[in-house]
Amino acid sequence: MTERPGRTSLTIRRPDDWHVHLRDGAMLRAVVGHTARQFGRAIVMPNLRPPITSVVAAAAYRDRIQAALRASSGEPGHGNPAATFTPLMTAYLTETLPAAELELGFREGVFNAAKLYPAGATTNSDAGVRDPAHIGPALETMERIGMPLLIHGEVTDPEVDIFDREAVFIERHLQPLLRRHPGLKVVLEHITTADAAAFVAEGPANLAATITPHHLHINRNALFRSGLRPDFYCLPVAKRERHRLALVAAATSGNPRFFLGTDSAPHGREAKESACGCAGIYNAPFALESYATVFEQENALDRFEAFASENGPRFYGLPLNGGTVSLEPISADDDNPELVVPAMLELDNGTATPSRLVPFHAGEVLGWRLKTT
Ligand code: DOR
Ligand code: ZN
């Protein structure tokens, strides 16, 4: 990073993460503190095993998240993430999930949204939807009650090249879905292509997108730099450089329909380094630092707060957070080893064996550091 003159610390309204995987059990205990330290709220993905397909299951999962956070950070109190973090729960859409269950969960404030996984598209998506046209009644209900639909936008057709799966999904499924449900709030999650960025920018006010830190930083070359790099494998997979540049332009554009969603997706070391390695990048520990680095490179720090803290809640129809977080600039030539993102995290998870996770940006010094309160 080139050094900028007059860099001062940056204070923004407390941000939210509109797309995160917190997992369950030991992994949940290992990772939840990282997200709670950075964000006021997070939209928690429901792709557990079994998936979250009922109000009761979502409420129980929410309780487990809060219990894990209390266990990892002590009792709620001043400066304690457990006191300020709210998990926002989602339903996992299947072809048999009754529309009435969605409506009940939304009205009770348990479900904030429902997630559409094309069956087979990604981690724990087997129970997902084969064709969005099969869940018409659920989508009609969501449209009527104002419940957002969150979409993993990739076709699973093996005939379609993996790098084209997002663009083909837009054409084959998203356009018809928006025509069938013109009033439905839709978030196209973790967009990875110039096609998706343009589609959202040119689309109606009820269509938005989240953008991850990793898709702002890496292109597909990262997967193959000097060898096969499983830590950069995620879905949708990173694309060509021109797509990364389009995502950077969208995120920093000030358009309120793009907002922060990390898609932080922890998989233990063994699951990543395997003959069939899992998709997912663990970026929660340094997510804000990662995004702020991109916004500074684009001279767009004045738009960072809207992307991180305002556009998401406004789209969802939720209040903005109170409170603030501050980031301090790090000099590119600072050689303090504490500023280097660790090569490996060994996280306490309440069992005898810690969770071993490689964080995104391992071995790098980012442009910013989150101040602890
Ligand atoms: O890379 C990913 N990891 N993409 C997804 O869609 C799912 C996620 C996970 O749950 O591991
Ligand atoms: Zn995800």
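Residues numbered from 1 in each chain as written. Chains lettered and ligands numbered in written order. Predicted model: local features only at pLDDT ≥ 70, side-chain atom pairs only at ≥ 80, totals over all residues. Heavy atoms only, no water.

Q: Residues and numbers for the coordination of the zinc ion (ligand 2), please.
A: Looking at the zinc ion (ligand 2), one finds its protein donor set to be His19 (NE2), His21 (NE2) and Asp263 (OD), positioned 2.1 Å from the metal centre. Going along the chain, you hit the donors of the zinc ion (ligand 2) in the pattern H-x1-H-x241-D. Placement of the pair is His19 in strand S2 (residues 17-20) and Asp263 in the loop between strand S9 (258-260) and helix H10 (269-272), with a sequence separation of 244 residues. Just as His19 is buried, Asp263 falls in that class too. (Donors = N, O, S within 2.8 Å, 3.2 Å for Na, K, Ca; no water. Helix = DSSP H or I, 4+ residues; strand = E, 2+ residues; numbered from the N terminus. Buried < 20%, exposed > 50% of the residue type's maximum accessible area, 1.4 Å probe, protein only.)

Q: Account for helix H4 (residues 99-107), with residues named and values stated.
A: An α-helix turns once every 3.6 residues. As a result, residues three or four positions apart point the same way. Residues Ala99, Leu102, Glu103 and Gly105 constitute the buried set of H4. For H4, the angular spread of buried residues about the axis comes to 165°, placing them on one side. Opposite the buried face of H4, at more than 90 degrees from it, the exposed residues are Ala100 and Arg107. With its phi angle positive at about 80°, Gly109 sits one or two positions after the end of H4. (Arc of directions from axis to C-beta.)

Q: How would you sum up the pairing of S2? Please name residues and give values.
A: In this sheet, strand S3 (residues 41-44) lies alongside S2 in parallel orientation, the contact comprising two bridges. Pairing of Val20 across the sheet is with Val44, part of S3. (Pairing = 2+ DSSP bridges.)

Q: Outline the site of ligand 1, supporting the account with residue identities and numerical values.
A: If you check the shell around ligand 1, you find 13 residues, and the closest are Arg23, Asn47, Thr123, Leu235 and His267. Between a nitrogen atom of ligand 1 and a main-chain N or O atom of Leu235, the distance comes to 2.8 Å. With respect to ligand 1, the backbone of Gly280 contributes an N or O atom lying 3.3 Å from an oxygen atom. A class-by-class count of the residues in the shell around ligand 1 yields four nonpolar, seven polar and two charged. (Near = heavy atom within 4 Å. Polar contact = N/O pair within 3.5 Å; in protein donor to acceptor, adjacent residues only side chain to side chain. Nonpolar A, V, L, I, M, F, W, Y, C, P; charged D, E, K, R; others polar.)

Q: Please provide a residue-by-residue account of the packing of aromatic side chains, values included.
A: Summed over all chains, the structure comprises ten aromatic pairs. In textbook terms, an aromatic cluster arises when at least three aromatic residues are bridged by ring pairs, as seen for Trp18, Phe259, Phe315 and Tyr316. Just above the ring of Phe315 sits the side chain of Lys185; from NZ or CZ to the centre is 5.9 Å. (Phe/Tyr/Trp six-rings, centres within 6.5 Å; stacked < 30°, edge-to-face > 60°. Lys NZ or Arg CZ within 6 Å of the ring centre and 35° of its normal.)

Q: So what about the side chain of Asn219? Which residues, and what values?
A: Along the chain, Asn219 falls in the loop between helix H8 (213-217) and helix H9 (241-251). Relative accessible area serves as the criterion here: at 16%, Asn219 is assigned to the buried category. Here the side chain of Asn219 touches Glu241 through a polar contact of 2.9 Å, side chain to side chain. Here Asn219 is in contact with Ala238, Lys239, Arg240, Glu241 and Arg244, once residues within four sequence places are set aside. (Contact = heavy atoms within 4.5 Å.)

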